[in-house]
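Listed below are the residues making up each chain.
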Amino acid sequence: MTSATHRSADEIGRTTRGPRPLPPLGEQRAAADLSHVDTSLSNGLRVLAVRKATVPLVEARLWIPFAGDDALHPATAEVLAETILTGTARRNRIEIDAELALIGGDIGAGVDPERLVLTGSALADKLPTFLDVLGDVLTGATYADDEIAREKERLVERIAVSRTQPRTIAREALQKHRYGDHPATREVPRAEDVAVVTPEQVRALHQASVLPRGAVLVLVGDLDPSSVLGDLEKVLGGWASDRSAVRLPPLPDLTGPNVLLVPRAGAVQSQIRLSAQTVPRTDPGYAALQLANLAYGGYFSSRLVENIRENKGYTYSAHSGFEFTNGTAVVNVDADTATEATAPALLETRYELGRLGQVPPTGDELESVRQYAIGSLLTSTSSQSGLAGQVLALASTGLGLEWLNEHPARVAAVTADEVAEAALKFFAPKRFTGVVVGDAGVLERKLLSLGDVVVGEPA
């Protein structure tokens, strides 16, 4: 126990001679030169195996393009992801779980309109067993009738709850506004569609779409990248097809400036979702665009957060960031506000978009976002799991580990003029479209007065 009196953060940060100086930022260390292989197996599966022996584990990420045009595809794909690990011709659900537990491993599955992803890990010296289980699931999943029925019931309940959540409603409204009836918009299936999915349909989808050609497997951990290829050929040799996994058709380019007001009667909060077309990671201007986005709303010290959260208190969280889908890229701006603060928050959000181009980041601002971009990238890849996730995100767009190793130098070389040009080109308010989901009875008149706002159908 002490008798010291409470001091505020401002008092702690000051001395009798003035503000306490902050220590200078240190040199950013370059990314490690990681031993790896990037090749394709005989079945067409691309494999990136990376040695990162920080702990005796291996992280695995399998990405399979999984698009489909059928009306029931989203529901069938969701049921497949929920049941792919519930049994094979060689192992039932309990045996799969027990075998993974004995090797300190796990496997999970998830799906969206673009891809099916299997994520897992295991002790490094038990990797052959892990790969054997993975190969068994890919080639021999049985989708037993009782397992399908059980997981469908749970899934219907989860979807019903999810569809009442404001964030889900706003995301679906944004997707429809941006892309209409494109398959990419079908992120959450309808509960009534899930209810009618049959085991036969799930088995048929697995046979038709769980394919190696065009898919990517990432392995990161305490492994020998070259020798693991032999294990993969052995356990995945039976996973083969002359067809390729199905990719999403190209997305249409976004055009502004109309923002759609989506009525949600009685809502006490509104969701602001804005979006504009940008360039993918492969574009030479991406590094400058990344820094411009950070300055605008990409981290906590950004202009947008300072304005509508810190100064005006319109929102608890505001953020901007990139969304990459099938080789295309957009920048999204998100904020949730109280109903009465919605119109002022949209006004200030647009104001900060315009200000970024007209008053680009200062020298100190630029160095701050530069250090954040490099530091956060190195931090995110410091763990095996983080590195696996980053490598998978790159590999799914055709890139490799080289891009990751070289990107800090690209960010370090960006000039103030390049950031200013990216801000002016990509963050102009007229380029952004999007939605505001909220109580139109309260919001309509104020939002329409801002211009470039139209009223849509209720959510």
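Residues numbered from 1 in each chain as written. Predicted model: local features only at pLDDT ≥ 70, side-chain atom pairs only at ≥ 80, totals over all residues. Heavy atoms only, no water.

### Quick word on the packing of aromatic side chains
Then step 1. Enumeration according to the criterion identifies 7 aromatic pairs in this entry.
Then step 2. Geometrically, the ring pair formed by Phe 427 and Phe 432 is tilted, given 6.3 Å between the ring centres and 40° between the ring planes. Across this residue pair, the class does not change: Phe 427 and Phe 432 are buried.
Then step 3. Ring pairs connect the aromatic residues Tyr 286, Phe 322, Phe 324 and Trp 403, which therefore count as one cluster.
Then step 4. The ring of Phe 324 is capped by Arg 281, whose NZ or CZ atom sits 3.9 Å from the centre of that ring. (Phe/Tyr/Trp six-rings, centres within 6.5 Å; stacked < 30°, edge-to-face > 60°. Buried < 20%, exposed > 50% of the residue type's maximum accessible area, 1.4 Å probe, protein only. Lys NZ or Arg CZ within 6 Å of the ring centre and 35° of its normal.)

### Section: the packing of helix H10 (residues 286-298) against helix H16 (residues 416-426)
Then step 1. It is the contact of H10 with H16, at a shortest axis distance of 8 Å, that shows an interaxial angle of 75°. Classified by the interaxial angle, the pair formed by H10 and H16 is roughly perpendicular. Taking contact as the criterion, the partners of Ala 288, Leu 289, Leu 291 and Ala 292 in H10 are, on H16, Glu 418, Val 419, Ala 422, Ala 423 and Phe 426.
Then step 2. When grouped by side-chain class, the residues that make up the contact of H10 with H16 number 8 nonpolar, no polar and 1 charged. (Axes fitted to C-alpha atoms, helices over the stretch in contact; angles between N-to-C directions. Helix = DSSP H or I, 4+ residues; strand = E, 2+ residues; numbered from the N terminus. Parallel < 35°, antiparallel > 145°, perpendicular 65-115°, else oblique. Contact = heavy atoms within 4.5 Å. Nonpolar A, V, L, I, M, F, W, Y, C, P; charged D, E, K, R; others polar.)

### Quick notes on the nonpolar core
Then step 1. Leu 45, Ile 64, Phe 66, Leu 80, Leu 116, Phe 130 and Leu 138 are the most contacted members of the largest nonpolar core, which totals 54 residues.
Then step 2. When sequence neighbours within four positions are dropped, the list of residues in contact with Phe 130 reads Ala 60, Leu 100, Ile 103, Asp 106, Ile 107, Gly 120, Ser 121 and Ala 122.
Then step 3. Counting 44 residues, the second-largest nonpolar core is a separate cluster that includes Ala 288, Leu 353, Val 419 and Leu 443. (Core = buried A, V, L, I, M, F, W, Y, C linked by side-chain atoms within 4.5 Å.)

### Overview of the domain arrangement of the protein
Then step 1. Taken domain by domain, the protein holds domain 1 (36-237) and domain 2 (259-455).
Then step 2. Placing a centre on the C-alpha atoms of domain 1 and another on those of domain 2 gives a separation of 30 Å.
Then step 3. With 31 residues of domain 1 in contact, the opposing surface of domain 2 contributes 34 residues.
Then step 4. Summing the contributions of domain 1 and of domain 2, the shared interface buries around 2600 Å²; its carbon and sulfur component is 62%.
Then step 5. Sorting the residues of domain 1 by area buried against domain 2 places Lys 52, Arg 61 and His 177 first, and these three jointly supply 19% of that buried surface.
Then step 6. Remark: the boundary between domain 1 and domain 2 carries 3 salt bridges.
Then step 7. A salt bridge links Glu 323 to Arg 171, with the nearest nitrogen and oxygen atoms 2.7 Å apart.
Then step 8. Counting only elements with at least two residues in the side of domain 1 that touches domain 2, the list comes to strand E3 (36-40), strand E4 (46-51), strand E5 (57-65), helix H6 (166-179) and strand E8 (216-221).
Then step 9. The element contributing the most residues to the side of domain 1 that touches domain 2 is H6, with 10 residues. (Domains from an automatic or database assignment. Buried area = accessible area lost by both parts, 1.4 Å probe. Salt bridge = Lys/Arg side-chain N within 4 Å of Asp/Glu carboxyl O.)

### Re the pattern of salt bridges
Then step 1. Under the criterion given, the structure shown has 31 salt bridges.
Then step 2. Note that Asp 336 is salt-bridged to Arg 167, the shortest N-O span being 3.3 Å. Taken together, the positions of Asp 336 in strand E12 (residues 328-338) and Arg 167 in helix H6 put the pair 169 residues apart, joining distant regions of the chain.
Then step 3. Residue Glu 323 is joined to Arg 178 by a salt bridge in which the shortest nitrogen-to-oxygen separation is 3.3 Å. Taken together, the residues Glu 323 in strand E11 (residues 315-325) and Arg 178 in helix H6 connect sequence positions 145 residues apart.
Then step 4. Taking the relative accessible area as the measure of exposure, Glu 323 reaches 18% and is therefore buried.
Then step 5. Judged by its relative accessible area of 7%, Arg 178 falls in the buried class.
Then step 6. Connected through shared salt-bridge partners, Arg 90, Arg 91, Glu 99, Asp 132 and Asp 136 make up one network.

### Observations concerning the UniProt feature "domain: Peptidase M16 N-terminal" (unreviewed entry) in the protein
Then step 1. Mapped onto this structure's residue numbering, the UniProt feature "domain: Peptidase M16 N-terminal" (unreviewed entry) falls at residues 76-187.
Then step 2. Annotation note: span residues 76-187, helix share 57%, strand share 13%, distance between end C-alpha atoms 12 Å. (UniProt positions renumbered as here; feature names shortened; annotations may be inferred.)

### Overview of helix H4 (residues 127-140)
Then step 1. Compared with the 20 Å implied by 1.5 Å per residue over 14 residues, the 19 Å span of H4 between its first and last C-alpha is a close match.
Then step 2. Taking burial as the measure, the 14 residues of H4 include 10 buried ones, the bulk of the element.
Then step 3. What H4 keeps buried is the set Leu 127, Phe 130, Leu 131, Val 133, Leu 134, Gly 135, Asp 136, Val 137, Leu 138 and Gly 140.
Then step 4. In this fold, the buried residues of H4 make contact with E5, helix H3 (93-102), strand E6 (106-111), strand E7 (115-123), helix H8 (199-209) and helix H9 (228-236). (Expected span 1.5 Å × (residues − 1).)

### Description of the sheet that holds E12
Then step 1. Judged by pairing direction, the sheet is mixed, and its 6 strands sit side by side in the order E11-E12-E10-E13-E9-E14 without closing on themselves. The outermost strands of the open sheet, each flanked by one partner alone, are E11 and strand E14 (453-455). The sheet shows a mean angle of 20° between the axes of neighbouring strands, direction not considered.
Then step 2. Pairing of strand E9 (residues 259-263) with strand E13 (residues 433-438) involves 5 bridges; the strand directions are parallel. Residue pairing in the sheet places Leu 261 in a bridge with Val 436 of E13.
Then step 3. With respect to the sheet, helix H12 (residues 342-358) is in contact with E9, strand E10 (269-277), E12, E13 and E14, its orientation differing from that of E10 by roughly 20°. (Pairing = 2+ DSSP bridges.)

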